[in-house]
Amino acid sequence: MDLRRSMLFIPGNNPGMLQNGGVFGADSVILDLEDAVAPMEKDAARFLVAQVLRTVDYGVSETVVRINPLDTFAAVDIKAIVPCCPDAILVPKVESAADIHQVAAMIAAAEKPEQTPVKIIALLETPCGIVEAYHIAKADPRVVALALGAEDYTAGLGAMRTKEGTEIFTARTIVINAAAAANVQSIDTPYTDANDEEGLLADTQLAKRLGFKGKLSINPRQIDVIHTVFNPSLNDIDWAQQVIHAIRKAEAEGSGVASLNGKMVDLPIVNRAERILHLAELLGLMGGEK
Amino acid sequence: MKNAIGREIPETISGIAAIKPFAGAFATVPEMTRQAPKVKTIKPADRKLVDNLVEVFKKIPVTDGMTLSFHHHFRNGDGVVNMVLATAAQLGLKNLTVALSSVFPVHAPIIEHVKNGVVTGLDTNYMSGPVAQAVSKGLFDKPVVLRTHGGRGRGIECGQLKIDVAFIAAPAADEYGNLNGVEGPAACGSLGYAFPDAQYADYVVAVTDYIGEYPLSPISIPQTRVDYVVKVECVGDPKGIVSGTTRITKDPVGLKIAETAAKVIQATGLIKNGFAFQTGAGGASLATAAFVRKMMEKDNVVGSFALGGITGYMVDMLESGLFKKLMDVQGFDLEAIRSLSTNPNHLEIGADFYASPFNAGCAVNQLDVVILGATEMDTDFNVNVVTGSDGVIMGGSGGHADAAAGAKVTIIVANLLRGRLPIIVDKVLTATTPGETIDVLVTERGVAVNPLRADLKEKFLAAGLPVKDIQELKQLAEKIAGAPKAVKTGEKIVAVVEYRDGTIIDVVRQVEG
């Protein structure tokens, strides 16, 4: 399971922040060549990010590079970045499966023979992208996640962006559903007020309840809150252990049907319990030690 | 000869009376009595208010070779030191020693007074700016004495720093010499660093631009210790005296370090009722305080006191009931001044009460935890807060070594990489605070625990903190930034670094250029 509870944006033109990006414990760091970088600085940032990928140790954090959109500098970004072995490319403003096919082909052309295949995370931030979410998620085996970018999306709708997020409810559920159907992860839009910790907490809790597996982040101070929400709680772990115990007991007794507290334990429940336990194990949360 | 932490100290240093090498943080036991200042009398009709500094100089009289003392609560807004030294120069005085608790950029005119022979000695706890740079290049013929805040109190109290005339920059005074720091246009809060000067100097002169009605109240320094009051047009620039507000850092790396430091404190188990805490006024220190505050609120902990330089943040913790008292030797902002003047639980204390090692118990001894900074630390946990990466003096101990010695747990918070330089080195250029008094280093890339504190290491590991060996952290930093080249210094000793007990912990040598 690739852990993407938190995905932290780091401006691709800021050497100090790029050097320190690995210290915050984010599951993924997104080295940004797009919105954080002014047009006249694109060349320098691309060069800097390429060097950073070769030299900076981000520890346990996955390295993701957000390239520029396909109609601007995507081709030159991919050519420069992919041979430096990022774990994934975050593609902005994806609107169709065809966009993914195009990006996948460019990645394949840029990859060195020996390198681990570079994954794709599709950033859906237009109404078209939301409509095409499932097809985008299924377009190529490299696609591992769909991420929602709500700022551009609401601009596209002509809707007012609010802290409550009523205007993006539909997009959120579509992205989550499409990702689940395509068996990839769904990553929620960032919470843009870095000083509002309570707002971030509420927004992240909502995202988790809806089914997102992680959240984009624009500030390192948001990481801990996001992790706290997406980490399995002790109750979650306890429940999952009971589910697995029940199903194993049923199997040992030769029964195909297990029940827990009077409710039937079916395959989706087992899958959910296994995912919780796997996540808890990855995070060292098993046994109530922390 | 080598002292107890292996620093090479010359057996004699020209201009320094007695060299006693550092022997260990608590190894030196005093064998002296407190000094007694000159006894004076004043008749009922005598007046203390004097029209100008020239008149005071003539009345005392101030003569060649005297030691004049000053305090630094006006910080970079101070006008009194320059005014007094200009008067000395005008009267043709020579060979004066300036005992100024901290030197700031505003004190640059000292350089000219040294070149003209008016000033030939400097005794201070901290210096930055042009004077520090000039000292590093060999401005003085004899070394500057760098003390700690507690060490200065001790030196004055024990007669090792004999003050002939103390000039007290007083935000408010009455005509009979009662002084406080909380009124007037130059209000600075606590006058704590001037307390020993007022107690032990042969003469005490208050310099003020605000005369209040007799008797002034509250009284920080009483009329019984003040010989003259001089009213001047302006004692300094209020903008340089207080910072207005001190703010928590927004730097993500600084916040990460602060949060880790707070978790370290939590893991020590010391955050419980009666908790006593000192932290600085810098953004990262305040951020640590903010995280500690959350922990105290969550667990309904009421601390006993917070100590040191006081900020509005600490005042807010007092007023919110998170600490019962503040002990204030130096205020940093307007809130600290307001609180000191109105809240009986906000106590004004002197430098000796704060941190002198040679009395019947100073306040730092009651600290549970102190958070301090560093410009360099070595693998023996010795800390440098005096010289920068170029060997130039850019600070001083202040209360660093004092609080480190006193607190149950001393935590250094620092970026593992300061710009392109690793903070951990094999041997610090200048040792300021001995490693035996440092317990933990918290960086953005891990926490190192002094091997002397195996008990803490166990607690931190149990709490899931990212504990690393200090050598491992050093190698990690060097992997990113490379190992810095050693700074080349000349032979001339430009400053001696005195430990709080009066022994010499290190010397600073001249830089080129």
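Bear in mind that the values here come from a model prediction, so they are computed numbers and not experimental data. (Residues numbered from 1 in each chain as written. Chains lettered and ligands numbered in written order. Predicted model: local features only at pLDDT ≥ 70, side-chain atom pairs only at ≥ 80, totals over all residues. Heavy atoms only, no water.)

**Points about the domain arrangement of chain A**
Reports of interface size often rely on the accessible area that becomes lost once the parts have come together. Put simply, the test is: For the domain bounds, the source is a domain assignment made automatically or taken from a database.
When its domains are assigned, chain A resolves into domain 1 (6–230) and domain 2 (234–283). Placing a centre on the C-alpha atoms of domain 1 of chain A and another on those of domain 2 of chain A gives a separation of 32 Å.

**Points about empty space enclosed by the protein**
Rolling a probe over the atoms, with the probe sized like a water molecule, indicates the empty space that remains. Residues and elements named next belong to chain B. What counts here: The way it works is a 1 Å grid over only the protein atoms, where trapped points that fit a 1.4 Å probe form a cavity and open points with protein on both sides within 12 Å along at least five of seven lines form a pocket, and then any residue with an atom within 4 Å of a point lines it. Grid points are joined across faces, edges and corners, and a volume is the space filled by probe spheres set on the points. Three residue categories are used. Nonpolar comprises Ala, Val, Leu, Ile, Met, Phe, Trp, Tyr, Cys and Pro, charged comprises Asp, Glu, Lys and Arg, and polar comprises the others, including Gly.
With the rule as written, the count across this model stands at 1 cavity of 30 Å³ or more. The volume enclosed by the largest cavity comes to roughly 30 Å³. Together, S101, N125, H149, R152, G153, Y193, P196 and A351 line the largest cavity. Class assignment of the residues belonging to the lining of the largest cavity gives a composition of 3 nonpolar, 4 polar and 1 charged.

**Here we look at the packing of helix 9 (residues 197–210) of chain A against helix 10 (residues 223–230) of chain A**
Residue and element names in this part refer to chain A. In plain terms, the rule: Between N-to-C directions, angles cover 0 to 180 degrees, with each direction set by a line fitted to C-alpha atoms, over the stretch in contact for helices. Think of it this way: any DSSP run of H or I at least four residues long counts as a helix, any run of E at least two long counts as a strand, and we number them from the N terminus. Two helices crossing with the near one rotated counterclockwise from the far one by less than a right angle form a left-handed crossing, whereas a clockwise rotation gives a right-handed crossing. Contact definition: two residues touch when any of their heavy atoms are within 4.5 Å.
At a closest axis distance of 9 Å, the pairing of helix 9 and helix 10 adopts a crossing angle of 35°. You can see that helix 9 and helix 10 cross each other, and the crossing is right-handed. Residue-level contacts link E197, L200, L201, T204, Q205 and K208 of helix 9 to V225, I226, V229 and F230 of helix 10. Broken down by class, the residue content of the contact of helix 9 with helix 10 amounts to 6 nonpolar, 2 polar and 2 charged.

**Details of the UniProt feature "binding site: substrate" (unreviewed entry) in chain A**
All names here are of chain A. The line we're drawing: UniProt positions are given in the numbering used here, feature names are shortened, and annotations may be inferred rather than shown by experiment.
According to UniProt, the "binding site: substrate" (unreviewed entry) feature falls on R66 and E125. Their sequence span is 60 residues, while the largest C-alpha to C-alpha distance among them is just 13.5 Å; these annotated residues converge on one region. Mapped onto the elements, R66 comes out in strand 3 (residues 62–66). Among all residues touching R66, those that are not within four sequence positions of it are F9, I30, L31, D32, L33, E34, D35, L90, P92 and L123.

**Let's talk about the sheet that holds strand 9 (residues 203–208) of chain B**
Residues and elements named next belong to chain B. Put simply, the test is: Only when DSSP finds a minimum of two bridges between them are two strands counted as paired.
Pairing is mixed in the open sheet, where 10 strands are placed in the order 1-10-9-6-2-3-4-5-24-25. Two strands in the sheet have a free side with no partner beyond their single neighbour: strand 1 (49–50) and strand 25 (504–509). Bridge count between strand 9 and strand 10 (residues 228–231): 4 bridges; the pairing is parallel. Within the sheet, the bridge partner assigned to T208 lies in strand 10 and is K231.

**A closer look at the layout of surface pockets**
Residue and element names in this part refer to chain B. The calculated volume of the second largest pocket comes to roughly 1,100 Å³. What lines the second largest pocket is a set of 44 residues, among which Y126, G280, A281, G282 and F332 lie closest to the centre. Elements supplying a minimum of two residues to the lining of the second largest pocket: helix 7 (238–241), helix 8 (252–268), helix 9 (283–298), strand 12 (303–310) and strand 15 (369–372). Among the elements that line the lining of the second largest pocket, the one with the most residues is helix 7, at 3 residues. Partitioning the lining of the second largest pocket into residue classes produces 17 nonpolar, 24 polar and 3 charged. No fewer than three residues from each of domain 1 (49–240) and domain 2 (252–486) sit in the lining of the second largest pocket.

**Looking at helix 11 (residues 334–342) of chain B**
Residues and elements named next belong to chain B. To keep it simple, the criterion reads: We call a residue buried when its accessible area falls under 20% of the maximum for its residue type, exposed when it is over 50%, and partly exposed in between, using a 1.4 Å probe and counting protein chains only. Working definition: the arc comes from the directions between the helix axis and the C-beta atoms, pointing outward to the latter.
Residues of helix 11 that are buried: A336, I337, S339 and L340. Around the axis of helix 11, the buried residues are gathered within 170° of arc, so they sit on the same side. Buried-residue contacts for helix 11 involve strand 12, helix 10 (312–319), strand 13 (323–331) and strand 14 (346–348).

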